[in-house]
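Descriptive structure summary
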Number of protein chains: 2
Amino acid sequence: MGSGIGIGLLGLGTVGGGVASILQSPSERHPLVADLKLVRVAVRDLNRPRSVELPNEILTTDPAVVVNDPAVDVVVEVIGGIEPARSLILQAIAAGKSVVTANKAVIARHGEEIADAATKAGVYVLIEAAVGGGIPIIEPLKQSLGGNRINRVSGIINGTTNYILTRMAEEGAAYESVLKDAQELGYAEADPAADVDGLDAADKIAILANLAFGGSVERSAVPTAGISQLQGRDVDYAKQLGYGVKLLAVAERMKPSGEPLPLSLRVQPTLVPNDHPLAGVNGVNNAILVEGDPIGRVMFYGPGAGAGPTASAVVADILNIAGISQATQGDDRLDPLLAASSWRRCVLVDRGEIRQRHYVRFHTQDAPGVIGRIGGCFGDGGVSIQSIVQFNASKAGAEIVVITHEVSQKKMDDALQSIQALPEVSGLAAHLGCL
Amino acid sequence: MGSGIGIGLLGLGTVGGGVASILQSPSERHPLVADLKLVRVAVRDLNRPRSVELPNEILTTDPAVVVNDPAVDVVVEVIGGIEPARSLILQAIAAGKSVVTANKAVIARHGEEIADAATKAGVYVLIEAAVGGGIPIIEPLKQSLGGNRINRVSGIINGTTNYILTRMAEEGAAYESVLKDAQELGYAEADPAADVDGLDAADKIAILANLAFGGSVERSAVPTAGISQLQGRDVDYAKQLGYGVKLLAVAERMKPSGEPLPLSLRVQPTLVPNDHPLAGVNGVNNAILVEGDPIGRVMFYGPGAGAGPTASAVVADILNIAGISQATQGDDRLDPLLAASSWRRCVLVDRGEIRQRHYVRFHTQDAPGVIGRIGGCFGDGGVSIQSIVQFNASKAGAEIVVITHEVSQKKMDDALQSIQALPEVSGLAAHLGCL
């Protein structure tokens, strides 16, 4: 690469437009931004009106033209989706170009294939924008926290669901009505499944786990529950007990350690105590908490989505590649921190082995002794309880909410089965995680 | 450098011991940690018992031996204080070695001299541990946020004072008694001046401003107020009005922009609204909020001090140097992001031009019309008021608390002068900042 770095952009939607707009106005940003030249941009439709003005001759409808243009040093993929994004990334790598992508779906599913190809080709694939929007989290995990043994990464990493949960908590509103509002405001898609079912968060926690623990995990094996079944009354009961409800994604190492390293990953609505750093993360904001030895706990907080924040993360990656290419001057060796290929094998433990605290709500008869019976079943099953509270007792029945101490999923499931067999218990109405 | 990187440590106190302990147990950390070899350590007393065991032959009482040892590739300075730390850093640079330091006092005062020397010598001087303990903030500012125009950096960057303020707020305790406790617990030094007078925070905000805005500022010109004069009743009144009191350090660009870039820096006890991300930062924790375009607001939170967190930051810097040296293989060019020399001139505006919201408390007679007179003086002086509240009226007098909208310090000072001249006003009892 010369003193200017040629950038090829695949996609000129919200994020792509944000990136172009930063590159076109380098003033008052880091001076290296002025060295980045947008030389090729692939768009779907040449004639569509856009927020950024670009010379016609750099636009093309053929992404292969961008990938193969010798003037392009770094390919920025902001098309989204699995294909053709994956193939284009691999083609760019094969052409000896470093890649910057915001594509969490591709990285969560094909990250290993892409990383292997990049290592062979001696190029970087940087993904800061794939998790947490503008929040610097990928690079801190790869570089700033490298001296630590990471024990746990947890976070609120989907802005849409956090917006919905925040409004449910603040207004006591029902899920469906807030979702409708969120769709009208553009915070949720017409088909909200990827967000509300937790799939987007599962992609992101799989990526974070890979970086934090040094090995890739099977994306499809991440236990994932969304918020579409969440009832307002559980948000309300949680509030009365001193908790907020968040869609939490967690990746933690199991003890004892081993080879491959056993990890527990999960995405589920989770009670977060009011004094926990993640409790105050509201609206479309994201936050990621990293726990390690010897650092203790650090948290990264900010806007989890949007054109500006995501573009900021994409440009950060481009700058990193530009900076290191100025230092190496065409040398093909990679900075092992930035390259961040996997360095050990990790394996997800079975769902039954996952250990955490639980929140459960039962419909019961309003009969004396029910609480005792439920408590007894938990005790017999080796599940110790932090609190058990009866809400809303009436002739129609009562609701009993239990918060447990940390216990394995298997013991919890067994205890729940025996409780549901009690004649006084008419059903398990809710089952959430709890920090 | 070969495949192993030789580390020379200046100082084996709390932080130095923490660094040694990470280097001695690389297992389960980033694999690059295993390439770091501790080859020389300067200590004050060879015979002192230590928490880490080191071979006697690598210990020396002469720091020059560490700096000049050809086996040392990176010098880690964790002695603290201005001299001999500054000279040793410059000697290491002159010997062609990169330097990692946790020394905010040296960097805030001699950062430009050191950066210039490093640029000439083609080496890095990395300072992640100088601000925010283990929180990654230096590197995100240098690398991950480089695409942004930074508008403002603000934060709670002194753990001792935040611990004291947290306890004052939670227990309604007086400053002196909490300080005494903090000293007994080891959270405050026997001579607490550097912390409680805001000097430590001023060092750190000067460093952050340099990185965020690209130019160094005159450390001695940073307006600085500490917490030693803070009264419990102001913490209490603030609470009643929906605020917490934090020792806040702020660096922001002034409008209109210019060349050199006008900046406002300040350290002072400041009211923070309860729903602000910094409000929940309690105890010895630190947090830094960065505001920029297009990212919006991101916050970095974590332990602001302590052996483990600070050692984590030191090792992060060593890893960065090790990583890039593997990529460049002895090439002398620097990564301009990591090198982070200044790239424009900045200048601090006069104190009178600093614009912010203010909290003031007056002792007054409990006479009708006092609030009107005070409000009138503010209005005449062009200071618009958000709220004016009377507390504690009695025969002995009343206390009137005013929170203003944003206004220049000069207008505020003028208005305060005319208010203090009112016969009903017996004094200005408190004057804090307000977010």
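So, how was this worked out
Residues numbered from 1 in each chain as written. Chains lettered and ligands numbered in written order. Predicted model: local features only at pLDDT ≥ 70, side-chain atom pairs only at ≥ 80, totals over all residues. Helix = DSSP H or I, 4+ residues; strand = E, 2+ residues; numbered from the N terminus. Rg over C-alpha atoms; globule rule 2.2 N^0.38 Å. Buried ≥ 20, exposed ≤ 12 C-beta atoms within 10 Å, placed from the backbone. Pairing = 2+ DSSP bridges. Right-handed = clockwise from strand over helix to strand, strands pointing away. Axes fitted to C-alpha atoms, helices over the stretch in contact; angles between N-to-C directions. Parallel < 35°, antiparallel > 145°, perpendicular 65-115°, else oblique. Contact = placed C-beta atoms within 7 Å. Nonpolar A, V, L, I, M, F, W, Y, C, P; charged D, E, K, R; others polar. Least-squares fit on C-alpha atoms with pLDDT ≥ 70 in both. Core = buried A, V, L, I, M, F, W, Y, C linked by C-beta atoms within 7 Å. pLDDT = per-residue confidence, 0-100. Domains from an automatic or database assignment. Expected span 1.5 Å × (residues − 1).

1. Quick notes on the overall build of chain A
Helices and strands together make up the secondary structure of chain A, namely 14 helices and 17 strands. Scaling as 2.2 N^0.38, a compact globule of 435 residues should have a C-alpha radius of gyration of about 22 Å, and chain A matches this with 24 Å. Principal-axis analysis of the C-alpha atoms places the extent of chain A at approximately 80 × 50 × 35 Å. The buried share of chain A, reckoned over its 435 residues, is 54%.

2. Quick notes on the pairing of strand 4 (residues 74-77) of chain B
Residues and elements named next belong to chain B. Residues Val 74 and Val 76 line one face of strand 4 and the alternating positions Val 75 and Glu 77 line the opposite face, and both faces are buried. Alignment of strand 1 (residues 5-10) against strand 4, held across four bridges, turns out to be parallel. Bridge pairing links Ile 7 to Val 74 in strand 4. Pairing of strand 4 with strand 5 (residues 98-101), which is carried by four bridges, proceeds in the parallel orientation. Counted as the bridge partner of Val 75 is Val 99 from strand 5. Handedness of the crossover is the feature at issue here: the chain leaves strand 4, passes through helix 3 (residues 85-94), returns alongside strand 5, and the resulting connection is right-handed.

3. A look at the packing of helix 3 (residues 85-94) of chain A against helix 4 (residues 104-121) of chain A
Residue and element names in this part refer to chain A. With their axes 9 Å apart at the nearest point, helix 3 and helix 4 run at an angle of 10° to one another. One finds that helix 3 runs roughly parallel with respect to helix 4. Contacts from Ala 85, Arg 86, Ile 89, Leu 90, Ile 93 and Ala 94 of helix 3 reach helix 4 at Val 106, His 110, Ile 114, Ala 117, Ala 118 and Ala 121. Tallied by class, residues from the contact of helix 3 with helix 4 come to 10 nonpolar, one polar and one charged.

4. Regarding the relation of the copies chain B and chain A
The operation relating chain B to chain A is a screw motion whose rotation component is 180°, with 0.0 Å of axial translation and a residual RMSD of 0.0 Å. Interpreted geometrically, this transformation is the action of a two-fold axis. Counting the interface residues of chain B, we find that 100% of their copies in chain A are interface residues as well, pointing to one common contact surface.

5. Digging into the environment of A:His405
Residue and element names in this part refer to chain A. Tracing the backbone through its elements, the reader meets His 405 in the loop between strand 15 (397-404) and strand 16 (407-408). Since 12 C-beta atoms lie within 10 Å of it, His 405 is described here as exposed. Along the chain, His 405 and Ser 384 lie 21 residues apart, while their C-alpha atoms are 5.6 Å from each other. Apart from residues lying up to four places away in sequence, His 405 is in contact with Arg 357, Ser 384 and Gln 386.

6. Concerning the nonpolar core
Counting residues in hydrophobic clusters, the biggest one holds 293 residues, and the most contacted among them are A:Ile205, A:Val314, B:Ile205 and B:Val314. In contact with B:Ile205, other than residues within four places in its own chain, are B:Ile157, B:Val222, B:Ala249, B:Ala251, B:Leu265 and B:Val267.

7. Some thoughts on the confidence of the model for chain A
Summing up the model confidence of chain A, the mean pLDDT is 95 and the portion of residues at 70 or higher is 99%. With a pTM of 0.95, the predicted complex shows an ipTM of 0.94.

8. Some points on the domain arrangement of chain A
Many authors give the size of an interface as the accessible area that is lost as the parts come together. All names here are of chain A. Splitting chain A by domain gives domain 1 (5-134 + 307-342), domain 2 (138-303) and domain 3 (355-434). Summarising the inter-unit geometry, the C-alpha centres of domain 1 and domain 2 are found 27 Å apart. Contacts between domain 1 and domain 2 engage 19 residues on the former and 22 residues on the latter. Counting residues per element, the ones that place at least two in the side of domain 1 that touches domain 2 are helix 4 and helix 12 (336-339). The element that contributes the greatest number of residues to the side of domain 1 that touches domain 2 is helix 4, accounting for seven residues. Across the side of domain 1 that touches domain 2, the residue classes break down as 10 nonpolar, five polar and four charged.

9. Here's the deal with the interface of chain B and chain A
Across the boundary between the two partners, chain B contributes 55 residues, which contact 55 residues of chain A. For the side of chain B that touches chain A, the element with the highest residue contribution is helix 11 (residues 307-328) of chain B, accounting for 13 residues. Of the residues in the side of chain B that touches chain A, the class split is 28 nonpolar, 18 polar and nine charged. Here strand 11 (residues 296-303) of chain A runs beside strand 11 (residues 296-303) of chain B; their pairing, made up of three bridges, is antiparallel. The residue of strand 11 of chain B that forms the bridge with A:Tyr301 is B:Met299.

10. Considering the pairing of strand 9 (residues 261-273) of chain B
Residue and element names in this part refer to chain B. Among the 13 residues of strand 9, 10 are classified as buried, and the element is accordingly described as predominantly covered. By the bridge criterion, 11 bridges tie strand 8 (residues 243-253) to strand 9 in an arrangement that is antiparallel. The residue of strand 9 that forms the bridge with Arg 253 is Leu 263. Sheet analysis places strand 9 next to strand 12 (residues 346-348), joined by three bridges and oriented parallel. When the sheet's bridge partners are listed, Leu 263 is paired in strand 12 with Leu 348.

11. So, helix 9 (residues 199-213) of chain A
All names here are of chain A. For helix 9, spanning 15 residues, the distance from its first C-alpha to its last is 21 Å, which sits close to the expected 21 Å at 1.5 Å a residue. Most of helix 9 sits out of view: 14 of its 15 residues are buried. Downstream of helix 9 by one or two residues, Gly 214 has phi in the positive range, about 85°.

12. Comments concerning the sheet that holds strand 5 (residues 98-101) of chain A
Residues and elements named next belong to chain A. In spatial order, the strands read 3-2-1-4-5-6; together these six strands make up an open sheet with parallel pairing. A single partner strand is all that each edge strand has here, and the edge strands are strand 3 (59-60) and strand 6 (125-126). Where strand 2 (residues 36-42) meets strand 3, two bridges bridge the pair, whose relative direction is parallel. Looking across to strand 3, one finds that Ala 42 is bridged to Thr 60.

13. What to know about the sheet that holds strand 3 (residues 59-60) of chain B
Residue and element names in this part refer to chain B. Taking strand neighbours across the sheet as the criterion, the six strands line up as 3-2-1-4-5-6 in an open arrangement whose pairing is parallel. With one partner strand each, in any of the chains shown, strand 3 and strand 6 (125-126) form the two edges of the open sheet. Sheet analysis places strand 1 next to strand 2 (residues 36-42), joined by six bridges and oriented parallel. Across the sheet, the residue bridging to Ile 5 is Leu 36, located in strand 2. Where helix 1 (residues 14-24) meets the sheet, its contacts fall on strand 1, strand 2 and strand 4, and the angle it forms with strand 1 comes to roughly 155°.

14. Some details on the environment of B:Leu38
All names here are of chain B. Note that Leu 38 resides in strand 2. We classify Leu 38 as buried; it has 20 C-beta atoms within 10 Å. Placed 225 residues apart in sequence, Leu 38 and Leu 263 show a C-alpha to C-alpha distance of 41 Å. For Leu 38, the contacting residues outside a window of four places in its chain are Ile 7, Leu 9, Ala 20, Leu 23 and Ile 58.

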